[in-house]
Structures are given as C-alpha cells and as structure tokens.
Amino acid sequence: MIGSLNGSVAGADGTSESLSSKQDRRILGVIRELSDVVLVGAGSVRAEGYVVPARAALAVVTSTGNLGGHRLHASATTSDRPVYILCPRSAVGRVEAVDGTNRATIVVVDDVDGLLRPAAIVDALHSRGLTRIVCEGGPVLAGRLFAADLVDELCLSTSPQIVLGSRALLESDQAVTSRFSLRQLLLDDQGATYARWERSRPTSS
Ligand SMILES: NC(=O)c1ccc[n+]([C@@H]2O[C@H](COP(=O)([O-])OP(=O)(O)OC[C@H]3O[C@@H](n4cnc5c(N)ncnc54)[C@H](OP(=O)(O)O)[C@@H]3O)[C@@H](O)[C@H]2O)c1
C-alpha cells in the first residue's frame, strides 16, 4: 500500500494514483510477480477500477456484491489469470448480475452478518493453492486482516506529501497493536520511501 506523510490512503484525486509514482508502480509490479493472488476489497475496485494482474490471480472481497466501476473486461486481452469474487451466500445473485463477472469464479465464504471472516478469506485462497497472498487494500479490508493478525509482511510506500481530508491507510473498530521490524528501506530522488516490514511475533519457549 501507499500512504501520504500523514497516513492518508488517497491523494487529491481520491485514489492512490496521485500518491503513486513510477518507482512505486515498479515495486508494486515486482511484488505482484512474487504473488499467487492480489486480494482487494470491493471499495478499492469501485474507486480505482482494478484490472486483473498479468501474472497473479485477482480476488475481490464483497459483502454486498456491488462491483460498480470494475474493469474486469479491460483485462480480457492482457491477462488470462483467474478472478475470484469472495462473498457471502446472500450476495451471489447480485455478483452474478454484474456485467463482466462471468469470467470470475464466485466463492461463497463463511460470514457473520454478511462480513466474511478474515481467516476464512485466507483459507478459501489457500484451498485453491493461492498461498502467496498480496492484499493491496483498501483501508477496510486491510484493517480487518491486521486486526485478525493475518499479515506477515507490510510493504509500505510513503509519498512525500501531506494530504488532509482523506481516509486513513488502515481502518478498524478494534483496538489492536502489533509490532513490525524493518527489513528493507529504499529512498528515491523525490524523497519517497519504500519500506518492507516483517511482523515480529513473540518466539514460543
Ligand atoms: N493507498 C493505497 O495503497 C490504496 C489501496 C487500495 C485502495 N485505496 C483507496 O482506498 C479507498 C477505498 O477504501 P475502502 O475502505 O472502501 O476499500 P476496501 O477496503 O477495498 O473496500 C471495503 C469494502 O470491501 C468489502 N469488504 C472488506 N472486508 C470485508 C469482509 N470481511 N467481508 C465482506 N466484505 C468485505 C466491503 O465491500 P461491499 O461494500 O461491497 O460489501 C467493504 O465495503 C479509495 O479511496 C481507494 O483509492 C488506496
């Protein structure tokens, strides 16, 4: 994910596009190449469009089935990677009715009042052989994965700008603290930083 100096998830245009840069997109591409599946929330699909990555599958999580603004058709000639829509049973009809989702496999995942359990999302991907999962956000989905302590690594780019009036990089209604250790840090000539953080877990004795 990329944030501003004050931890905003989007720039002036309301998307991550205006925080990002050529270097950031290059790093994103490398991370995608190392992954089996890119996992995103439906809010990111609605805000940013989202095309299917060239070399990784795409998995979209939704409780409502509202995928307005998706660009799955636009990927038809650039990627043959699978697309999975993860949703509760109650949203299947709405997902099926979205034009262009016929190239996607709908995966019904355990839910609590329409919200998929984060561990069940990971299990659903693992059971399809997709074990290297890269969640690209947005703040609600990523916040839930952090709150459930399911994140091993955080690749966080920081754009050298303050953006007021935007949402935070991660959102959660749970008070959770988890520690990470810095593993890599790159700096570009514009002052943007690119960090890779690894979850520090207590070693069991
Ligand atoms: N800076 C970055 O790196 C970055 C990355 C991605 C997105 N963004 C920005 O983030 C903003 C969008 O934020 P957002 O919070 O709406 O994005 P999001 O986290 O991608 O989407 C939230 C939506 O995902 C679905 N969802 C999440 N967890 C779920 C669960 N456990 N079970 C079922 N559905 C679940 C729900 O979809 P339904 O509403 O369909 O039920 C929920 O409303 C945009 O401004 C976008 O540009 C920034």
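All figures in this text were calculated on a predicted structure; none of them were measured in a lab. (Residues numbered from 1 in each chain as written. Predicted model: local features only at pLDDT ≥ 70, side-chain atom pairs only at ≥ 80, totals over all residues. Heavy atoms only, no water.)

S.K.: I'd love a proper account of the overall build of the protein, names of residues and values included.
M.R.: Each helix and strand in the protein was counted, giving five helices and eleven strands. Its C-alpha atoms give the protein a radius of gyration of 17 Å, within 12% of the compact-globule value 17 Å for 205 residues. Taken over the C-alpha atoms alone, the protein extends approximately 45 × 45 × 30 Å along its principal axes. Per-residue burial for the protein yields a buried fraction of 43% across its 205 residues. Partitioning the intrachain contacts of the protein with sequence separation of at least 6 by distance along the chain shows that 60% fall at a separation of at least 24. Carbon together with sulfur atoms contributes 51% to the accessible area of the protein, which is approximately 11,200 Å² in total. Taking the average location of the 21 positive side-chain charges in the protein and that of its 22 negative ones, the two points are 2 Å from each other. (Helix = DSSP H or I, 4+ residues; strand = E, 2+ residues; numbered from the N terminus. Rg over C-alpha atoms; globule rule 2.2 N^0.38 Å. Buried < 20%, exposed > 50% of the residue type's maximum accessible area, 1.4 Å probe, protein only. Contact = heavy atoms within 4.5 Å. Areas by Shrake-Rupley, 256 points an atom, 1.4 Å probe, with all protein chains shown as cover. Lys, Arg positive; Asp, Glu negative; His and termini not counted. Charge placed at Lys NZ, Arg CZ, Asp CG, Glu CD.)

S.K.: If you had to explain the domain arrangement of the protein to someone new, which residues and values would you point to?
M.R.: In terms of domains, the protein is made up of domain 1 (1–35 + 137–205) and domain 2 (36–131). The gap between the C-alpha centroids of domain 1 and domain 2 is 21 Å. Summed over both partners, the interface of domain 1 with domain 2 buries about 1,200 Å², with 61% contributed by carbon and sulfur atoms. On the domain 1 side of the contact with domain 2, Arg32, Ser35 and Leu141 bury the most area, a combined 44% of that side's loss. The interface formed by domain 1 and domain 2 includes one salt bridge. (Domains from an automatic or database assignment. Buried area = accessible area lost by both parts, 1.4 Å probe. Salt bridge = Lys/Arg side-chain N within 4 Å of Asp/Glu carboxyl O.)

S.K.: Summarise the packing of aromatic side chains; cite the residues concerned and give the values.
M.R.: Working definition: an aromatic ring pair is given by the centre-to-centre distance plus the angle between the planes. Considering all chains together, one arrives at one aromatic pair under this definition. The side chain of Arg199 reaches across the aromatic face of Phe180, ending 6.0 Å from its centre. (Phe/Tyr/Trp six-rings, centres within 6.5 Å; stacked < 30°, edge-to-face > 60°. Lys NZ or Arg CZ within 6 Å of the ring centre and 35° of its normal.)

S.K.: Summarise the site of the ligand; cite the residues concerned and give the values.
M.R.: Taken together, 29 residues are adjacent to the ligand, and Ile2, Ser44, Glu48, Thr62 and Ser63 come closest. Within the backbone of Gly43, a nitrogen or oxygen atom sits 3.0 Å from an oxygen atom of the ligand. One of the side-chain N or O atoms of Arg144 is found 2.8 Å from a nitrogen atom in the ligand. For the shell around the ligand, the elements supplying multiple residues, two or more each, are helix H2 (42–48), strand E7 (115–116) and helix H5 (139–147). The leading source of residues in the shell around the ligand is H2, at six residues. (Near = heavy atom within 4 Å. Polar contact = N/O pair within 3.5 Å; in protein donor to acceptor, adjacent residues only side chain to side chain.)

S.K.: Provide a residue-level description of the sheet that holds strand E9 (residues 153–159), including the pertinent values.
M.R.: In space, the four strands of this open sheet follow the order E1-E9-E11-E10, with mixed pairing throughout. The open sheet has two edge strands with one neighbour each: strand E1 (2–4) and strand E10 (180–187). Here the strands of the sheet are splayed against their neighbours by 25 degrees on average, with no regard to which way each runs. Strands E1, E9, E10 and strand E11 (193–199) of the sheet are contacted by helix H1 (residues 22–33), whose axis makes an angle of about 35 degrees with E11. (Pairing = 2+ DSSP bridges. Axes fitted to C-alpha atoms, helices over the stretch in contact; angles between N-to-C directions.)

S.K.: Account for H5, naming residues and giving values.
M.R.: Across the nine residues that make up H5, a large majority, seven, are buried. Pro139, Leu141, Ala142, Gly143, Leu145, Phe146 and Ala147 are the residues of H5 that are buried. Looking at the residues trailing H5, positive phi occurs at Asp149, about 55 degrees.

S.K.: Kindly report on the environment of Ser90, identifying the contributing residues and their values.
M.R.: Tracing the backbone through its elements, the reader meets Ser90 in the loop between strand E4 (83–87) and helix H3 (92–97). With a relative accessible area of 68%, Ser90 lands in the exposed category. Between the C-alpha atom of Ser90 and that of Asp113, which follows or precedes it by 23 residues, the distance is 9.8 Å.

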